Amino acid sequence: MRKAPACPECGSAKVWRDGLRYLADGSTIQRYICRECGYRFSESSQNSKSNNTIHSRSNACQERQLLAEVERKEAMGLRGPTAKPEVKGKILEFLWWLQKNGRNEVTISNYRKFLNRLLRQGLNLLDPEELKGFIAKARWKPSTKITAVRMLNVWFKFLKIEWDPPKYTPETTIPFIPTEDELNQLIAGCGKKTATYLQLLKETGARPGEISKLTWADIDFERRTVRIKPEKGSLPRILPLSVKAIEMLKSLPRKSERIFPPAPIIQPTFRLQRDKLAKKLCNPRLRQITFKTFRHWKGTVEYHKTKDIMHVKSLLGHKELKSTQVYVHIERAIYGASNQDEFHVKTAKTEEEIKELLEAGFEYVFTHEGIAYFRKRR
């Protein structure tokens, strides 16, 4: 059996076969996925004109053009070649510096992949102006460019190099909120482990990284609860699970301490199963569903049910209320037409009465002549 190639992203030899890629001429080539960084790539077939690794990226053409331009300039003596050995050493020092400063493994991995990607373009990572020019020409979304600038801010801080970072305005977008039936169809159409992963995302509203960090010790099968460990500055929490989720977890083999692999590892499988199901059910909306969509759906639906923003804030583990308010706007936009339902209306005069109504899920409306009015949908 032919040995799998090393990952072109991180160089790891821990590579799995990941199905076949079908070319326009009817031939096939082997696809791979890296167990270290989750990068997917395919190896060119023997009948191809090129023996290079084919990278599955949308902007591959643009990157090859940029790299060719760099090589042309070097051949003409217009710029010296980047001192790659020196820069690679700096990257290793930088990653160790991040680890010493308490950055988690996912963050460190993201920095490593980002810097190595720039290095493969032939860019000089010690030249701020060259990197600014590359970002300006790259066909990236504004949010991607903002993330790139933030990473370079940390990189140049480590190098003690001053630079004037470019400023990009983030796009104002509203998250896609599917129906519960669409989420259930997606869960039912995926494999056992992926389906369980999605079911936990749906019931808890947790971030993908939080679900990926779950261990078997975090699941209380008797009380049907899960202990969520925080990430990205969120708060720890204990959330209930349904009987269905518990049974799905029990059906999984316990081969390691962690229940699921990292999100970048399970994501390619999820996308493949999602796209097949979207085609089978003739529902292109399914292709818009990502892991984060489950969190957006949970926040929106929970606010619609309870009208209690503090409950949603606690459920999602937000530290700031402004992070939760987006779901109030989404709920009003989606369910606005049905917001004329009848309500239970209660009044309160004392602090104790107000406290009891809030604990019962009533929403404060206004105060008139010393009487506070509350309501809750029937």
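Residues numbered from 1 in each chain as written. Predicted model: local features only at pLDDT ≥ 70, side-chain atom pairs only at ≥ 80, totals over all residues. Heavy atoms only, no water.

Asks: I'm lost on the overall build of the protein in this one. Help?
Replies: The number of helices and strands found in the protein is 14 helices and ten strands. For the protein, the residues scored as buried account for 42% of the 378 residues in total. A separation of at least 24 residues holds for 55% of the contacts in the protein among residues at least 6 apart in sequence. Summed over all atoms, the accessible surface of the protein reaches about 22600 Å², with 51% contributed by carbon and sulfur. (Helix = DSSP H or I, 4+ residues; strand = E, 2+ residues; numbered from the N terminus. Buried < 20%, exposed > 50% of the residue type's maximum accessible area, 1.4 Å probe, protein only. Contact = heavy atoms within 4.5 Å. Areas by Shrake-Rupley, 256 points an atom, 1.4 Å probe, with all protein chains shown as cover.)

Asks: Help me understand the confidence of the model for the protein in this model?
Replies: Detailed reading of the predicted model is not advised wherever pLDDT is low. For the protein, mean pLDDT is 83; residues scoring 70 or higher make up 84% of the total. Under a pLDDT of 50 for its full length, residues 45–60 has, in the predicted model, 29 contacts with residues more than four places off or in other chains. Note on residues 76–83: pLDDT under 50 across the span, and 15 contacts to partners over four residues away in sequence or across chains. (pLDDT = per-residue confidence, 0-100.)

Asks: I would appreciate a short explanation of the environment of Val 243 in the present structure.
Replies: Looking at the secondary structure, you find Val 243 in helix H9 (residues 243–250). The class for Val 243 is partly exposed, based on a relative accessible area of 47%. Considered as a pair, Val 243 and Arg 224 are 19 residues apart in the sequence and their alpha carbons are 7.4 Å apart.

Asks: Any chance you could explain helix H6 (residues 180–189) here in plain terms?
Replies: For an α-helix the count is 3.6 residues per turn, leaving residues at separations of three or four pointing the same way. When we look at burial in H6, the residues that qualify are Glu 182, Leu 183, Leu 186 and Ile 187. Down the axis, H6 shows its buried residues gathered within 135° of arc, on one side only. In H6, the exposed positions angled more than 90 degrees off the buried face are occupied by Asp 181 and Ala 188. Each element contacted by the buried residues of H6 is listed here: helix H7 (192–204), H9, helix H10 (263–280) and helix H11 (291–306). (Arc of directions from axis to C-beta.)

Asks: Just to check I follow, could you spell out the pairing of strand E2 (residues 28–34) for this structure?
Replies: Regular strands show a simple pattern: their side chains alternate between the two faces of the sheet. A large share of E2 lies buried, amounting to five of its seven residues. Bridge analysis of E2 against strand E3 (residues 40–43) gives three bridges, and the strand direction is antiparallel. By the bridge assignment, Tyr 32 is partnered in E3 with Phe 41. (Pairing = 2+ DSSP bridges.)

Asks: In this structure, what is going on with the layout of surface pockets? I would like to understand it.
Replies: Unfilled space is identified by rolling a water-sized probe across the atoms. Space inside the second largest pocket adds up to approximately 580 Å³. Contributions of two or more residues to the lining of the second largest pocket are made by strand E1 (15–22), H7 and H10. In terms of residues, the lining of the second largest pocket owes the most to one element, H10, which gives five residues. By residue class, the composition of the lining of the second largest pocket is eleven nonpolar, six polar and seven charged. (1 Å grid on protein atoms, 1.4 Å probe; cavity = no way out; pocket = protein on both sides within 12 Å on 5 of 7 lines; lining within 4 Å. Points joined across faces, edges and corners; volume = space filled by probe spheres on them. Nonpolar A, V, L, I, M, F, W, Y, C, P; charged D, E, K, R; others polar.)

Asks: Honestly, the pairing of strand E6 (residues 225–228) in this entry has me stumped. Any pointers?
Replies: Here two bridges tie strand E5 (residues 219–220) to E6, and the two strands are oriented antiparallel to one another. Residue pairing for E6: Ile 219 is matched across the bridge by Val 226. Taken together, E5 and the strand that follows it, E6, pair antiparallel across an intervening segment of four residues, in which Arg 224 is found at a positive phi of about 55°. The pairing of E6 with strand E7 (residues 237–240) spans four bridges and is classified as antiparallel. Paired with Arg 227 across the bridge in E7 is Ile 238.

Asks: What exactly am I supposed to notice about the nonpolar core here?
Replies: Within soluble globular proteins, side chains that are nonpolar generally end up buried alongside one another. Counting residues in each nonpolar core, the largest one holds 45 residues, and the members touching the most others are Leu 198 and Leu 249. Not counting the four nearest positions on each side in its chain, Leu 198 is found in contact with Leu 186, Ile 187, Cys 190, Phe 270, Phe 291 and Phe 294. If you look at the next biggest cluster of nonpolar residues, it comprises 28 residues, including Ile 108, Phe 114, Val 149 and Phe 156. (Core = buried A, V, L, I, M, F, W, Y, C linked by side-chain atoms within 4.5 Å.)

Asks: Would you mind going over the sheet that holds E6 with me for this structure?
Replies: Note: strands within a sheet are paired through backbone hydrogen bonds, in either parallel or antiparallel orientation. Spatially, the three strands line up as an open sheet ordered E5-E6-E7, and their pairing is antiparallel. Unpaired on one side and paired on the other, E5 and E7 mark the two borders of the sheet.

Asks: Mind showing me how you'd approach the packing of H6 against H10 here?
Replies: Helix packing geometry: the angle between the two helix axes and the distance between the axes. For the pair H6 and H10, interaxial distance at closest approach is 10 Å and the crossing angle is 115°. Between H6 and H10 lies a crossing of right-handed hand. Where H6 approaches H10, its residues Gln 185, Leu 186 and Gly 189 are matched on the opposing element by Phe 270, Arg 274 and Leu 277. In the contact of H6 with H10, the residues fall into three nonpolar, two polar and one charged. (Axes fitted to C-alpha atoms, helices over the stretch in contact; angles between N-to-C directions. Left-handed = near helix turned anticlockwise from the far one by under 90°.)

Asks: Sorry if this is basic, but what is going on with the packing of H6 against H7 here?
Replies: It is at 9 Å that the axes of H6 and H7 come closest, and there the two elements cross at 155°. One element, H6, and the other, H7, form an angle in the roughly antiparallel class. Touching Glu 180, Leu 183, Asn 184, Leu 186 and Ile 187 of H6 are Ala 195, Leu 198, Gln 199 and Lys 202, all from H7. A class-by-class count of the residues in the contact of H6 with H7 yields five nonpolar, two polar and two charged. (Parallel < 35°, antiparallel > 145°, perpendicular 65-115°, else oblique.)

Asks: Is there a simple way to explain a negative patch on the surface in this structure?
Replies: On the surface, a cluster of negative charge is made up of Glu 351, Glu 352, Glu 353, Glu 356 and Glu 359. Along the chain, the position of Glu 351 falls in helix H14 (residues 351–359). (Patch = residues over 30% accessible without salt bridge, like charges linked within 9 Å, V, L, I, M, F, W, Y side chains within 5 Å. Salt bridge = Lys/Arg side-chain N within 4 Å of Asp/Glu carboxyl O. Lys, Arg positive; Asp, Glu negative; His and termini not counted. Charge placed at Lys NZ, Arg CZ, Asp CG, Glu CD.)

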